[in-house]
Amino acid sequence: MGELAESVGISSSAVSQHLRVLREARLVMVRPQGTRRLYSLDPRGLGDARDYLEQFWASALAAYAAAVSEARIQSP
């Protein structure tokens, strides 16, 4: 965790807190390997996040299409 903390410029304890939150949200998984903890993405939580965000996709695309259409009308 020290290497990660150094590379992003925060304390090891802050990294630990962030990883705990990500674990509780099921966005990462942890597995011990000797004295280290290896983190990887958790497909369960990522699937839940994708499902949640997809509900906004149609309206986001519609808003983008409307903005492009409006810009075409207003440009000479």
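Residues numbered from 1 in each chain as written. Predicted model: local features only at pLDDT ≥ 70, side-chain atom pairs only at ≥ 80, totals over all residues. Heavy atoms only, no water.

Caption draft 1: Layout of the pairing of strand 1 (residues 28-33). Where strand 1 and strand 2 (residues 36-41) come together, 6 bridges link them in antiparallel fashion. Along strand 2, the bridge assignment pairs Val-30 with Tyr-39. Connecting strand 1 to the next strand, strand 2, in antiparallel fashion are 2 residues, including Gly-34 with a positive phi near 65°. (Pairing = 2+ DSSP bridges. Helix = DSSP H or I, 4+ residues; strand = E, 2+ residues; numbered from the N terminus.)

Caption draft 2: Region of interest: the packing of aromatic side chains. Summed over all chains, the structure comprises 1 aromatic pair. Ring centres of Tyr-52 and Phe-56 lie 5.3 Å apart, and the angle between their planes is 75°; this geometry places the pair in the edge-to-face category. (Phe/Tyr/Trp six-rings, centres within 6.5 Å; stacked < 30°, edge-to-face > 60°.)

Caption draft 3: Spatial organisation of the pattern of salt bridges. Summed over all chains, the structure comprises 5 salt bridges. The closest approach of N and O atoms between Asp-48 and Arg-26, which form a salt bridge, is 2.6 Å. Highlighted residues: Asp-48 in helix 3 (residues 43-54) and Arg-26 in the loop between helix 2 (12-24) and strand 1, separated in sequence by 22 residues. You can call Asp-48 partly exposed: its relative accessible area is 42%. Across the salt bridge formed by Glu-54 and Arg-50, the nearest N and O atoms sit 3.8 Å from each other. Taken as a pair, Glu-54 and Arg-50 lie in helix 3 at a separation of 4 residues, close to a single helical turn. When its relative accessible area of 47% is taken as the criterion, Arg-50 is described as partly exposed. Taken together, the shared-partner salt bridges connect Arg-50, Asp-51 and Glu-54 into one network. (Salt bridge = Lys/Arg side-chain N within 4 Å of Asp/Glu carboxyl O. Buried < 20%, exposed > 50% of the residue type's maximum accessible area, 1.4 Å probe, protein only.)

Caption draft 4: Representation of a nonpolar patch on the surface. A surface patch of nonpolar side chains, about 250 Å² in accessible area, is lined by Leu-4, Val-8 and Ile-10. Summarising the element assignment, Leu-4 is placed in helix 1 (residues 2-8). (Patch = residues over 30% accessible without salt bridge, like charges linked within 9 Å, V, L, I, M, F, W, Y side chains within 5 Å. Areas by Shrake-Rupley, 256 points an atom, 1.4 Å probe, with all protein chains shown as cover.)

Caption draft 5: Representation of the confidence of the model for the protein within the structure. The predicted model of the protein averages 90 in pLDDT, with 97% of residues at 70 or higher. Between the elements of the protein, mean pLDDT differs from a low of 80, seen in helix 1, to a high of 95, seen in strand 1. (pLDDT = per-residue confidence, 0-100.)

Caption draft 6: Local environment of the environment of Leu-4. Residue Leu-4 is classed as partly exposed on the basis of its relative accessible area of 43%. Between the C-alpha atom of Leu-4 and that of Val-15, which follows or precedes it by 11 residues, the distance is 7.6 Å.

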